[in-house]
Amino acid sequence: MYENLLARFLRYVKTETRSNPESETIPSTQSQVDFADSLKQELIELGLENVHYDNNNGYVSGTLASNIEKKVPSIGFISHMDTADFNAENVAPQVIENYDGISEIQLDEKGEYSLNPNDFPSLNKYQGETLITTDGSTLLGADDKAGIAEIMTAMEILKANPDISHGEIKVAFGPDEEIGTGADKFDIEDFDVDFAYTMDGGPLGELEYETFNAAQAEITIKGKNVHPGTAKNMMINALQLGIDFQNQLPEDEVPEKTSGREGFFHLMNLSGSPEEAKMSYIIRDHDHQKFEARKQKISAIQTNLNEAFDQKRVFVDMYDQYYNMREIIEKDMSIVELAKNAMLDLAIDPIIEPVRGGTDGSKISYMGLPTPNIFAGAENMHGRFEYVSLQTMEKAAALIVKIAELNAG
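This write-up is about the structure you can find in this document. (Residues numbered from 1 in each chain as written. Predicted model: local features only at pLDDT ≥ 70, side-chain atom pairs only at ≥ 80, totals over all residues. Heavy atoms only, no water.)

**What to know about the overall build of the protein chain**
Reasoning step 1: The secondary structure content of the protein chain amounts to 10 helices and 16 strands.
Reasoning step 2: Principal-axis analysis of the C-alpha atoms gives the protein chain an extent of 85 × 50 × 35 Å.
Reasoning step 3: Taking all 409 residues of the protein chain together, 52% fall into the buried category.
Reasoning step 4: Taking as baseline every contact in the protein chain between residues at least 6 positions apart, the subset at least 24 positions apart corresponds to 79%.
Reasoning step 5: About 18300 Å² of surface is accessible on the protein chain, with carbon and sulfur atoms providing 45% of the total.
Reasoning step 6: When the 34 basic and 70 acidic side-chain charges of the protein chain are each reduced to a single mean position, those positions are 5 Å apart. (Helix = DSSP H or I, 4+ residues; strand = E, 2+ residues; numbered from the N terminus. Buried < 20%, exposed > 50% of the residue type's maximum accessible area, 1.4 Å probe, protein only. Contact = heavy atoms within 4.5 Å. Areas by Shrake-Rupley, 256 points an atom, 1.4 Å probe, with all protein chains shown as cover. Lys, Arg positive; Asp, Glu negative; His and termini not counted. Charge placed at Lys NZ, Arg CZ, Asp CG, Glu CD.)

The structure is reproduced here in structure tokens:
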């Protein structure tokens, strides 16, 4: 039933699809356009209907028609094509069969990089399973090509087994999730389903409907540079003002000191010279009121620093990125219960926890299409230590099938 899953996944990850935050095109890279075309052809070969690529938003989608007479809600399954900000060229996946759960996995020939259970205790969960790893020089791309492979495989299973009852199912594979812009132009009217799931979570059992509220702040600081030998009472060091800005934020409210539903300010970049400096922050909180208070804190620091000068020196461009989809989904938790019951039927223990991040489902939910997130299997995402279990991917594909079956009644 899952005989094509591994080959499909390996083919996907060997295709470079890294997104580019500096690009102004949609998708942000031509490699994603080319990958979308290959996925389009695959959907056609699988026998889906209305397969098409949307030039306006970079999504390729298709429809699996209902095979039952009664009317049931239509379901969408969504994954993203791009990979994160790490080397993604010449991905050479390694397949480790029957992993013992305790041994160190050497990634590169020189022995510089390895997956060691002492560093990555999650490996202990995968005794007897087949792991797909990197060769230490790239990321793997299981985020989110595992999700794409699982959706494709589930559609293949449903087409090959017409005795499995299901309503209408639509699938969509989109661009640029890793740079936060992929879902901006998602066309929910064209997709036209009652609810959807993103297959973009981590380990087995993850079922997520609560994400951060997110904003970004781009800060420009204008200094006044003079010779340091005669700088007293004249120089305004933009870099020092940047340090002062950072020091007025709560020192414990940073990613490395928070967990669960605790929000944070994260300084992503500080660069420049005494004449001009630039800073980038991301601002995160699950609670909307606390989220707004965090943004107000940024503005208050800006005001406080500027009051020390006879002209404005600190400029802040702050904008919201996405919101906590819980506020939408909790109005009707039936779709979460559907996924949870499907997991229980497959002997998968549901792990329902808040996401310390966001998914395309965050934006899509606020567009009017409730879209929780389901595990795709990747561990250690976005770097050379990324890996995924083949058995977890099989269970994710099985879960898609089971959700469709339970929804059909």
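**Description of the packing of aromatic side chains**
Aromatic ring pairs are defined here through the distance separating the ring centres and the angle between the ring planes.
Reasoning step 1: Scanning the entire structure with this criterion turns up 11 aromatic pairs.
Reasoning step 2: Arranged with centres 6.3 Å apart and planes meeting at 75°, the rings of Tyr113 and Phe385 form a pair that is edge-to-face. Of this pair, Tyr113 sits in the loop between strand E5 (105–106) and strand E6 (114–115) while Phe385 sits in the loop between strand E15 (373–375) and strand E16 (387–389); the two residues are 272 residues apart in sequence, bridging distant segments of the chain.
Reasoning step 3: For Tyr113, a relative accessible area of 22% puts it in the partly exposed group.
Reasoning step 4: Consider the rings of Tyr126 and Tyr387, whose centres lie 5.7 Å apart with planes at 90°: the pair is edge-to-face. In this pair, Tyr126 is assigned in the loop between E6 and strand E7 (131–133) and Tyr387 in strand E16, connecting sequence segments 261 residues apart. The exposure classification of Tyr126 matches that of Tyr387, with both residues buried.
Reasoning step 5: Three or more aromatic residues joined by ring pairs make a cluster, and in this case those are Tyr59, Phe186 and Phe191.
Reasoning step 6: The residue whose ring lies beneath Lys145 is Phe35, and the NZ or CZ to ring-centre distance is 5.3 Å. (Phe/Tyr/Trp six-rings, centres within 6.5 Å; stacked < 30°, edge-to-face > 60°. Lys NZ or Arg CZ within 6 Å of the ring centre and 35° of its normal.)

**A few points about helix H8 (residues 334–345)**
Reasoning step 1: Relative to the 16 Å expected for 12 residues at 1.5 Å per residue, H8 spans 16 Å between its end C-alpha atoms, a close match to the ideal helical length.
Reasoning step 2: Every buried residue belonging to H8 is among Ile335, Val336, Leu338, Ala339, Ala342 and Met343, and all of these are buried. Taken down its axis, H8 places every buried residue within 160° of arc, on the same side.
Reasoning step 3: Buried residues in H8 make contact with strand E9 (195–201), strand E10 (207–208), helix H7 (326–329), E15 and helix H10 (390–407). (Expected span 1.5 Å × (residues − 1). Arc of directions from axis to C-beta.)

**Looking at the pattern of salt bridges**
Reasoning step 1: According to the stated counting rule, one finds 17 salt bridges in the structure shown.
Reasoning step 2: For Arg294, the salt bridge goes to Asp285, with nearest N and O atoms at 2.8 Å.
Reasoning step 3: Ionic pairing is found between Glu330 and Arg326, a salt bridge with its closest N-O pair at 3.1 Å.
Reasoning step 4: If you follow the salt bridges from partner to partner, you end up with Arg8, Arg11, Glu42 and Glu156 in one network. (Salt bridge = Lys/Arg side-chain N within 4 Å of Asp/Glu carboxyl O.)

**A word on the sheet that holds strand E11 (residues 213–222)**
Reasoning step 1: Strand order in this open sheet of four strands is E12-E13-E11-E14, and the pairing throughout is antiparallel. Bordering the open sheet on either side are strand E12 (264–272) and strand E14 (314–322), each of which pairs with just one other strand. For this sheet, the mean angle separating the axes of adjacent strands, direction not counted, is 15°.
Reasoning step 2: As defined by bridge partners, E12 adjoins strand E13 (residues 276–285) across eight bridges and the pair is classed as antiparallel. (Pairing = 2+ DSSP bridges. Axes fitted to C-alpha atoms, helices over the stretch in contact; angles between N-to-C directions.)

**Let's talk about the nonpolar core**
Reasoning step 1: If you look at the biggest cluster of nonpolar residues, it comprises 61 residues, and the most contacted ones within it are Phe9, Met155, Phe173, Tyr197, Ile374 and Ile403.
Reasoning step 2: Looking at this core element by element, the count peaks at 10 residues for helix H3 (residues 142–160).
Reasoning step 3: Beyond its immediate chain neighbours, meaning those up to four positions away, Phe9 contacts Ile132, Leu140, Ala142, Lys145, Ala146, Ala149, Val388 and Met393.
Reasoning step 4: Formed by 19 residues, the second largest nonpolar core is a distinct cluster that contains Ile221, Ile236, Leu249 and Leu305. (Core = buried A, V, L, I, M, F, W, Y, C linked by side-chain atoms within 4.5 Å.)

**As for the pairing of E9**
Reasoning step 1: Of all seven residues in E9, seven are buried, a share of seventy percent or more.
Reasoning step 2: Note: strand E3 (residues 75–80) against E9, four bridges, orientation parallel. By the bridge assignment for E9, Ile75 is matched with Phe195.
Reasoning step 3: Pairing analysis gives three bridges linking E9 to E15, with the strands arranged parallel. Its bridge partner lying in E15, Thr198 is registered against Asn373.

**Regarding the sheet that holds E15**
Reasoning step 1: Pairing in this open sheet of seven strands is mixed, and the strands run E1-E2-E8-E3-E9-E15-E10 from one edge to the other. The strands lining the two open edges of the sheet, one partner per strand, are strand E1 (49–53) and E10.
Reasoning step 2: Contacts from H8 reach E9, E10 and E15, with the element oriented near 55° to E9.
Reasoning step 3: On top of the sheet, H10 reaches E3, strand E8 (169–174), E9 and E15; it is set at about 135° to E15, its chief contact.

**Examining the pairing of E3**
Reasoning step 1: Counting buried positions along E3 yields six of six residues, so the element is predominantly enclosed.
Reasoning step 2: By the alternation rule, side chains of E3 split into Ile75, Phe77 and Ser79 and Gly76, Ile78 and His80, which are all buried.
Reasoning step 3: Relative to E8, E3 runs parallel, the two being bridged by six bridges. Bridging from a neighbouring strand, His80 pairs with Gly174 of E8.

**Side note on the packing of helix H1 (residues 5–13) against helix H2 (residues 30–46)**
Reasoning step 1: Put simply, H1 and H2 touch, their axes get as near as 12 Å, and they point 160° apart. Between H1 and H2, the angle falls in the class roughly antiparallel. Judged by residue contacts, Arg8, Arg11 and Tyr12 of H1 engage Phe35, Leu39, Glu42 and Leu46 from H2.
Reasoning step 2: The class makeup of the residues in the contact of H1 with H2 is four nonpolar, no polar and three charged. (Parallel < 35°, antiparallel > 145°, perpendicular 65-115°, else oblique. Nonpolar A, V, L, I, M, F, W, Y, C, P; charged D, E, K, R; others polar.)

The quantities given are spatial measurements derived from coordinates; they are silent on function.
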